Protein chains: 2
Amino acid sequence: MPAISRKGQQLPASPIRKLVPLAEEAKRRGIRVFHLNIGQPDIASPSEAFRPLREFSGDFVDYSHSAGHMKYREGLARFYQNLGLDVGAEDVLVTTGGSEALLFTLMSCVDDGDEVIVPEPFYANYNSFAVAAGCKVVPVTSRMENGFALPPLSEFERLITPRTKAILICNPGNPTGCLYSEQELSTLASIAEKHNIWLIADEVYRDFVYDGHRHHSVLQYDAIREQAVMVDSVSKRFNLCGVRVGCVVTRNRELGATLLRFAQSRLSPPSLGQMVALAALDTPPEYFERVRKEYESRRNYIVDRLNAIPGVVCPKPGGAFYCMVQLPVAQAEDFCRFLLQDFNLGGSTVMLAPASGFYATPQKGLNQVRLAYVLNEADLAAAADCLEAALKAYER
Amino acid sequence: MPAISRKGQQLPASPIRKLVPLAEEAKRRGIRVFHLNIGQPDIASPSEAFRPLREFSGDFVDYSHSAGHMKYREGLARFYQNLGLDVGAEDVLVTTGGSEALLFTLMSCVDDGDEVIVPEPFYANYNSFAVAAGCKVVPVTSRMENGFALPPLSEFERLITPRTKAILICNPGNPTGCLYSEQELSTLASIAEKHNIWLIADEVYRDFVYDGHRHHSVLQYDAIREQAVMVDSVSKRFNLCGVRVGCVVTRNRELGATLLRFAQSRLSPPSLGQMVALAALDTPPEYFERVRKEYESRRNYIVDRLNAIPGVVCPKPGGAFYCMVQLPVAQAEDFCRFLLQDFNLGGSTVMLAPASGFYATPQKGLNQVRLAYVLNEADLAAAADCLEAALKAYER
């Protein structure tokens, strides 16, 4: 048999998914599994979004422009302008989800053997995009003790080599929920400027910001106007994960032209998804306010519940809908298996994502899990009950 | 400013799209442009396909399984089984169009510096996928004189080196329309077997086969059961180009697992597109029969019309909806520009794709164009009138 490529062999299995067979097996045994392991929320999308589907009257579904429907690009540009960002339709390239946006960006910005500095813990699929682009992820470790704040400037400087081509951040963070301050972003912008590297920000959770804080974008910094690349998506904003519509925003013409050539090679982002995403731009501000309050309330509930469990530590995140949780166990992955294989509380259990897969540094995060507060409060409460009881049972 | 990656710089501009600005300019001048340059047909999709959109009642759109909705994978497997192919749902990975299927396949099968033999002229985006995967396209030239039949075994053998990892074909061919015979596929299978390389077939035009012939798939050959990879899509079959739903079919477990890891990195193929594609599987056989007859009739018309123009040569293709046309000009690309910039017949002109971009060998196909017979016969006639008049005007 012909060999699989080295790239294919290097591709890591997703840390979120490797326990999925155990969850499926638990369900076959009749156990109810609360899925706090993935970012698939239960929140209804804005009703505006689905009008174009119900009213669909086309004879067929044709390709859009490779950069996306111009109307949608224009609408997106206005959306960002309303947030105070200087973005024109020509700066927006519509992609097949934020995933493709990240893949095209890395493919366009880095070469085989180049290095990209990423604060860890980070979204595990960054590893896969890096393998696909042939670059090396260089982690800079952030710490639970200070809520996964941006590591100090000196730690970045220490890691920069002639092969460093970019810094990649997620803000607010998946899996940390950390919202970077204006000061932290300013630091990142100054590093990017000084070392003439790309600053790529995955801002797909930009709408989920709590405690009255404001989200700051890498697009705000004039000094890195041509070096800042912003990745976004409608997946989380409108709970439209499955429509697969994201975008890259860059004011750098050369990068924009390169991204477009990658986009042309796959012809078009999904047309139906773009119809839905375009309609969703009419969502009234009340929707965002309601959803933000709902998540904020869930966050407050789950963080308090978790920190009340002996030995559990959970810093209160400022954004997104994840929190990182330190458990009083040596190997969180073993405990996650235990939850699915050997435990239930009145016929229910909970699925969590072991956090070590979110770190590039070996042996980091072994006693941590990522928890997505994507279920309603009653389910969150039941899931927390399971977790609490399971920790007691696991101690014995 | 930071540099663009070498990969990004190497990415070729699409030969189909580079004349697009001229077409847009012509339209601004009020000229009607017949688009025979791209494979975007005017045929109505089966009405069954859109029922799930009109009846959509979800609260949100969630991710599907990374390998696609199981119901759709099962439906696709049955579709192939009905064609006599031994395919199970577990052999099918649903992708974001045939484009992603090809990208993931190359990423999984070849490494940086590896070689993939491709009969030329070939679908130009293969070049982009090869750049993304880091491999080298090695062309083996097929010839208009014999309808772009498969080059003889000896020409393949001559090109095989230790770095050759795969042969990639498109059957029926884009841009040639050539339908490979059972004998030709058998030859390819024997080369793949003998040299232990992958045989990747892009069969997205498998439903468009004329003159009572039958389509043969690379999946038919038991000797290469684990080496044959088939790429397919609903884009052309049901004129659902914009839903972005394709698939890879492989019976090789290791390749399947690798493709799945690439698929997991982008989470999910489009959910709405899969709903539509699943519903389209209920399309009655009469639909395919009607569409096939329509294209066959268009092909017969346009090929006869073209060959009647002095100096024009157009072999009659056996499949797909393209034909390659030799024009009595030195540089077809210049002539295509002339059509858009300097010519109109009663306010109309025609856009064609210069064929040199479909060849990897320099200086090949300079006097050829690809024509897609994707418009109705009245429009095809008007377009042919334009072409004929333009050739006369261009001679002067």
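A brief look at the structure comes next. (Residues numbered from 1 in each chain as written. Chains lettered and ligands numbered in written order. Predicted model: local features only at pLDDT ≥ 70, side-chain atom pairs only at ≥ 80, totals over all residues. Heavy atoms only, no water.)

### A look at the overall build of chain A
Stage number 1. Across its full length, chain A carries 13 helices and 12 strands.
Stage number 2. For chain A, the C-alpha radius of gyration of 21 Å lies close to 21 Å, the compact-globule estimate for 396 residues.
Stage number 3. In terms of overall dimensions, chain A has a C-alpha envelope of 60 × 60 × 55 Å along the principal axes.
Stage number 4. Per-residue burial for chain A yields a buried fraction of 64% across its 396 residues.
Stage number 5. For chain A, the proportion of contacts with a sequence separation of at least 24, taken over those separated by at least 6, is 76%.
Stage number 6. A total of about 13900 Å² of accessible surface is found on chain A, and carbon and sulfur atoms cover 49% of it.
Stage number 7. Here chain A contributes 41 positively and 45 negatively charged side chains, and the mean placements of these two sets differ by 3 Å. (Helix = DSSP H or I, 4+ residues; strand = E, 2+ residues; numbered from the N terminus. Rg over C-alpha atoms; globule rule 2.2 N^0.38 Å. Buried < 20%, exposed > 50% of the residue type's maximum accessible area, 1.4 Å probe, protein only. Contact = heavy atoms within 4.5 Å. Areas by Shrake-Rupley, 256 points an atom, 1.4 Å probe, with all protein chains shown as cover. Lys, Arg positive; Asp, Glu negative; His and termini not counted. Charge placed at Lys NZ, Arg CZ, Asp CG, Glu CD.)

### Side note on the interface of chain A and chain B
Stage number 1. Counting residues at the interface gives 75 residues for chain A and 77 residues for chain B.
Stage number 2. With both sides pooled, the region where chain A packs onto chain B buries about 6300 Å², and carbon together with sulfur makes up 57% of that total.
Stage number 3. Across the chain A-chain B interface, the total number found is four salt bridges.
Stage number 4. We note a salt bridge from K7(A) to D112(B), for which the minimum N-O separation is 3.3 Å.
Stage number 5. In this structure, the connection of chain A to chain B is made through 41 residue pairs in polar contact (both at pLDDT 80 or more).
Stage number 6. At the level of secondary structure, the elements contributing two or more residues to the side of chain A that touches chain B comprise helix 1 (6–10), helix 3 (51–54), helix 5 (97–109), helix 6 (125–133), helix 9 (253–265) and helix 10 (271–280) of chain A.
Stage number 7. Tallying contributions element by element places helix 9 of chain A first for the side of chain A that touches chain B, with seven residues.
Stage number 8. The residue inventory of the side of chain A that touches chain B, partitioned by class, reads 35 nonpolar, 25 polar and 15 charged. (Buried area = accessible area lost by both parts, 1.4 Å probe. Salt bridge = Lys/Arg side-chain N within 4 Å of Asp/Glu carboxyl O. Polar contact = N/O pair within 3.5 Å; in protein donor to acceptor, adjacent residues only side chain to side chain. Nonpolar A, V, L, I, M, F, W, Y, C, P; charged D, E, K, R; others polar.)

### Comments concerning the pattern of salt bridges
In a structure, side chains of opposite charge can pair up when their charged atoms sit close to one another.
All names here are of chain A.
Stage number 1. Per the stated rule, a full pass over the model turns up 43 salt bridges over all chains.
Stage number 2. A salt bridge links D86 to R225; the shortest N-O distance between them is 2.9 Å. Residue D86 is found in the loop between helix 4 (70–82) and strand 2 (92–95), and its partner R225 is found in the loop between strand 6 (198–202) and strand 7 (228–233); the two are separated by 139 residues along the sequence.
Stage number 3. We classify D86 as partly exposed; its relative accessible area is 48%.
Stage number 4. Two residues, K194 and E157, come together in a salt bridge whose shortest N-O distance is 3.4 Å. Taken as a pair, K194 in helix 8 (residues 182–195) and E157 in helix 7 (residues 153–159) lie far apart in primary sequence, 37 residues in all.
Stage number 5. Each of E203, R206, D207, D232 and R237 takes part in salt bridges that share partners, so that together they form one network.

### Details of the nonpolar core
Stage number 1. The biggest cluster of nonpolar side chains holds 304 residues, and the ones touching the most others in it are L240(A), L306(A), L240(B) and L306(B).
Stage number 2. Discounting chain neighbours no more than four positions away, the residues touching L240(B) are V61(A), S45(B), A49(B), F50(B), V234(B), S235(B), V276(B) and A280(B). (Core = buried A, V, L, I, M, F, W, Y, C linked by side-chain atoms within 4.5 Å.)

### Here's the deal with helix 12 (residues 332–341) of chain A
Since there are 3.6 residues in each turn of an α-helix, residues three or four apart along the chain are aligned in direction.
Stage number 1. The element helix 12 of chain A is extensively covered by neighbouring structure, given that seven of its 10 residues are classed as buried.
Stage number 2. On the buried face of helix 12 of chain A, the contacting elements are helix 2 (20–28), strand 1 (32–35), strand 10 (348–351), strand 11 (353–354), strand 12 (368–372) and helix 13 (377–395) of chain A.

### Notes on the environment of A378(B)
Stage number 1. Here A378(B) shows up in helix 13 (residues 377–395).
Stage number 2. A relative accessible area of 56% means that A378(B) is categorised as exposed.

### A short note on the packing of aromatic side chains
All names here are of chain A.
Stage number 1. Here the structure, examined in full by the defined rule, presents 36 aromatic pairs over all chains.
Stage number 2. Between F122 and Y126, the ring centres sit 6.0 Å apart and the planes meet at 15°, which makes this aromatic pair stacked. Assigned by exposure class, F122 and Y126 land together as buried.
Stage number 3. Plain terms: the ring middles of Y205 and Y322 are 5.4 Å apart, the flat faces sit at 85° to each other, and that makes the pair edge-to-face. With Y205 in the loop between strand 6 and strand 7 and Y322 in strand 9 (residues 322–326), this pair connects stretches of sequence that are 117 residues apart. Take Y205 and Y322: they sit in the same class, and that class is buried.
Stage number 4. An aromatic cluster of at least three residues, connected via ring pairs, comprises Y205, F208, Y295, F321, Y322 and Y373. (Phe/Tyr/Trp six-rings, centres within 6.5 Å; stacked < 30°, edge-to-face > 60°.)

### Structural notes on the relation of the copies chain A and chain B
Stage number 1. Superposition of chain A onto chain B requires a rotation of 180° combined with a translation of 0.0 Å along the rotation axis, giving an RMSD of 0.0 Å. Overall, the copies show the geometry of a two-fold rotation axis. Ranked by how close their C-alpha atoms come to the rotation axis, the residues of chain A are headed by R54(A), at 2.1 Å.
Stage number 2. Both copies share a contact surface, since 100% of the interface residues of chain A are interface residues in chain B too. (Least-squares fit on C-alpha atoms with pLDDT ≥ 70 in both.)

### Quick word on unusual backbone geometry
Excluding glycine, a negative phi dihedral is what most residues carry, and trans is how most peptide bonds are arranged.
Stage number 1. Cis geometry marks the peptide bond from N171(A) to P172(A), where omega comes out at -5°.
Stage number 2. Turning to its location among the elements, P172(A) is positioned in the loop between strand 5 (164–170) and helix 8.
Stage number 3. The omega torsion across N174(A) and P175(A) is 15°, close enough to zero to call that bond cis.
Stage number 4. Positive phi outside glycine occurs at N239(B), with the angle close to 50°.
Stage number 5. Positionally, N239(B) belongs in the loop between strand 7 (228–233) and strand 8 (246–250).
Stage number 6. For N239(B), a relative accessible area of 2% gives the class buried.
Stage number 7. A positive phi angle, close to 70°, is found at L267(B), a residue other than glycine.

### A closer look at the sheet that holds strand 11 of chain A
Stage number 1. Taking strand neighbours across the sheet as the criterion, the three strands line up as 9-12-11 (chain A) in an open arrangement whose pairing is antiparallel. Every interior strand has two partners, whereas the edge strands, strand 9 and strand 11 of chain A, have only one. (Pairing = 2+ DSSP bridges.)

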